[in-house]
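Structural characterization, general
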Amino acid sequence: MKKPQLHFSLSEPLQPHIFLILLAAGIINAIGITLFLAPVQLYDSAISGTSMLLWQITPPQFSFSFFLIVLNVPLFLFGLKKQGVTFTVYSVWAVVVYSVASHVFQNVLPIDLTHGSPFAGEDLLLCAVFGGLISGIGSGLCIRFGGAIDGMEILAVIFAHQLGLTVGTFIMIYNIALYLIIGCIFQSWILPMYSILTYCVAVKAIDFITEGLDRAKSAMIVTSRPEDISNSLSEAFGTGITHIDARGFYSGQESTIVYFVVNRFQITRLKRIVTSIDKNAFITITEVSDVLGRSVKKSH
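Note that the coordinates shown come from a computational prediction; the quantities given were computed from them, not determined experimentally. (Residues numbered from 1 in each chain as written. Predicted model: local features only at pLDDT ≥ 70, side-chain atom pairs only at ≥ 80, totals over all residues. Heavy atoms only, no water.)

1. Some remarks on the packing of helix 2 (residues 46-57) against helix 8 (residues 167-186)
It is at 10 Å that the axes of helix 2 and helix 8 come closest, and there the two elements cross at 15 degrees. On the basis of their axis angle, the class for helix 2 and helix 8 is roughly parallel. Remark: the crossing between helix 2 and helix 8 carries left-handed chirality. Along the contact surface, helix 2 presents A46, I47, G49, T50, L53, Q56 and I57, while helix 8 presents Y174, N175, L178, I181, I182, I185 and F186. Here the residues of the contact of helix 2 with helix 8 are counted per class, giving 10 nonpolar, four polar and no charged. (Axes fitted to C-alpha atoms, helices over the stretch in contact; angles between N-to-C directions. Helix = DSSP H or I, 4+ residues; strand = E, 2+ residues; numbered from the N terminus. Parallel < 35°, antiparallel > 145°, perpendicular 65-115°, else oblique. Left-handed = near helix turned anticlockwise from the far one by under 90°. Contact = heavy atoms within 4.5 Å. Nonpolar A, V, L, I, M, F, W, Y, C, P; charged D, E, K, R; others polar.)

Structure follows, in structure tokens:
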């Protein structure tokens, strides 16, 4: 009987310019880890942090770069079917760059790492903040352009739902366990606590890179004057508007919800326009994590 064969196809074409961006992302990540965190024994999160711990407690022949490859690449290959070939190729490339760049910074370039960070010395606060910031920028670039630089995200995507957890909660639990283990091994909680600070800074940096400073906001406006409000908003902002039919639960009165997407700098103006037309309008503003497609604008 002939064995069935698995065929994997690219979910989308590989793009050469993305490999260059991921090259930069891997190098940036290596700068944050090897030039700020590792010299003062602070720890990154997830698989990167685990690699740092294993590097420090194993014989010298096992390097940080070695553990990055050994731990990350199998995880990306494990998630190949779920995440797709394109994502896996980009991610493995980013991890390889990160690993090679870390080796170069630590063992090839004439950089003295024996007395702390070459930029921040032994100042744990500066190393934690700037290490987290720089590594977060590298990780954020990788995520923004279709890859990942840490295999823990793959485990989280695959197993979090089965455990009744969100992806973020799964990763957070792993990191808490990692920092507790580090504290127990070295009988000190100072470095793990600074490492938590590093993790928090890195998460904010990743959010900034992947979502940007000017995050979109969605406005839902319940009003009895949808046409007047929509015309004024269209004139003011020049973007598309959606009407949703609605009915009040208690009053039973028919109304219309005006759905509109703005940036945070436009919220005050939007409120002023709406309340000037309908003082009884009910307005909710919520954050939008991403916006895809183009809204239809009014033709003149």
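2. Remarks on the nonpolar core
By size, the foremost hydrophobic cluster in this structure holds 45 residues, and its most contacted members are L42, M52, Y98 and M152. Among the elements that line this core, the one with the most residues is helix 1 (residues 16-37), at eight residues. Every residue in contact with M52, bar those within four places of it in the chain, is listed here: I33, L37, A38, L42, Y43, D44 and F64. Residues L233, L270, I277 and A281 belong to the second largest nonpolar core, which totals 14 residues. (Core = buried A, V, L, I, M, F, W, Y, C linked by side-chain atoms within 4.5 Å. Buried < 20%, exposed > 50% of the residue type's maximum accessible area, 1.4 Å probe, protein only.)

3. Details of the packing of helix 3 (residues 64-78) against helix 7 (residues 152-159)
Between helix 3 and helix 7, whose axes approach to 8 Å, the crossing angle comes to 35 degrees. Viewed along their axes, helix 3 and helix 7 form a crossing whose handedness is left-handed. Residues L75, F76 and F78 of helix 3 touch helix 7, and the partners they reach there are M152, I154, L155, I158 and F159. Tallied by class, residues from the contact of helix 3 with helix 7 come to eight nonpolar, no polar and no charged.

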